[in-house]
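# Results of the structural survey
Single-letter residue listing:
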Amino acid sequence: MIVTIDGVAASGKSSVSSGVAQALGVPYVSSGLLYRAVTLLGLNAGADLADAATLLPLLSGVRLEPLASGNRVWNAGADLTADLHSTRVDAGVSTVAAIPQIRQWVDDQLRALPAPLVAEGRDMGTNVFPYAQHKFYLTASPRVRAERRAKERPEDIPAIEAALTERDRQDTTQSAPAPDARVIDTGPLTLQGVIDTILEHLR
Ligand code: CDP
């Protein structure tokens with residue numbers, strides 16, 4: 001069984017996926033963390049984030065550890081996870097995610113994982129696992145999402161909202177909901193409320 005949970009930036013995908021995966025007793029995988037890891041390695045190498053030929057050689061040691069409690073990304077034995085949610089990675093990641101060869105590399109990592117699993121990102125239900133049995137798509141207004149993310153970033157809410165809206169715009173191509181996905185507006189719901197809504201649909 002594969003469950004896909006896609007959605008716009010900061011719609012709560014990772015927390016919801018972790019909760020659903022723990023309730024089901026299966027791992028979840030965050031595709032965004034892989035795009036973030038490529039971005040971090042590119043920034044640290046001083047690379048042009050639009051240049052596949054420079055980025056791809058940096059990825060040979062990258063490994064995703066899909067724990068239900070929270071994914072970790074390793075590079076040659078070093079844990080990158082704590083550095084993947086900085087404002088500079090936020091600002092560069094959509095450029096990296098627009099490169100077809102990088103998308104292919106991420107897709108290959110994900111498809112190599114054994115089911116059952118919960119997969120979260122933008123294109124899990126459309127592109128990576130189109131045959132998934134259960135698909136969800138999370139939305140919320142930009143302001144609600146910015147208010148949530150302000151708890152995890154140093155910037156103020158208007159600056160975070162502007163950055164999220166810009167990232168949504170850059171991510172438009174890969175962010176269309178699957179036609180067979182159930183769309184959930186998470187605005188009026190608590191985190192547990194979203195998790196429970198998904199679990200009810202899975203029963
Ligand atoms: O948590 P948040 O929604 O802010 O971001 P994320 O899920 O970690 O994704 C970070 C970035 O990776 C997105 O803004 C997209 O540019 C890219 N991404 C993508 O293109 N396709 C995916 N399946 C997942 C993420």
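Residues numbered from 1 in each chain as written. Predicted model: local features only at pLDDT ≥ 70, side-chain atom pairs only at ≥ 80, totals over all residues. Heavy atoms only, no water.

The protein goes by Cytidylate kinase in an unreviewed UniProt entry, where it is assigned to Deinococcus radiotolerans. According to UniProt, the comment filed for the protein under the heading Sequence similarities (unreviewed entry) is "Belongs to the cytidylate kinase family. Type 1 subfamily." Here the protein is described in UniProt, under the heading Subcellular location (unreviewed entry), as follows: "Cytoplasm". (UniProt positions renumbered as here; feature names shortened; annotations may be inferred.)

Moving on: the UniProt feature "binding site: ATP" (unreviewed entry) in the protein. Mapped onto this numbering, the UniProt entry gives "binding site: ATP" (unreviewed entry) at Gly-7, Val-8, Ala-9, Ala-10, Ser-11, Gly-12, Lys-13, Ser-14 and Ser-15. When you line up the elements, Val-8 lands in the loop between β1 (2–7) and α1 (13–24). Beyond its immediate stretch of four places on either side in the chain, Val-8 contacts Lys-13, Arg-122, Tyr-137, Leu-138, Thr-139, Arg-145 and Asp-168. Along the chain, Ser-11 falls in the loop between β1 and α1. A polar contact is formed between the side chain of Ser-11 and the backbone oxygen of Val-8, at a distance of 2.7 Å. (Helix = DSSP H or I, 4+ residues; strand = E, 2+ residues; numbered from the N terminus. Contact = heavy atoms within 4.5 Å. Polar contact = N/O pair within 3.5 Å; in protein donor to acceptor, adjacent residues only side chain to side chain.)

This brings us to the sheet that holds strand β6 (residues 117–121). Within the open sheet, the five strands sit side by side as β2-β6-β1-β7-β8. Their pairing is parallel. Of all the strands in the sheet, the pair left with one neighbour each is β2 (28–30) and β8 (182–185). Adjacent strand axes in the sheet meet at a mean angle of 20°, parallel and antiparallel pairs treated alike. Strand direction decides the pairing type here: strand β7 (residues 134–139) and β8, joined by four bridges, are parallel. Across the sheet, residue Leu-138 finds its bridge partner in β8, namely Ile-184. Helix α9 (residues 191–202) rests against β1, β7 and β8 of the sheet, and its axis sits at about 155° to β7. (Pairing = 2+ DSSP bridges. Axes fitted to C-alpha atoms, helices over the stretch in contact; angles between N-to-C directions.)

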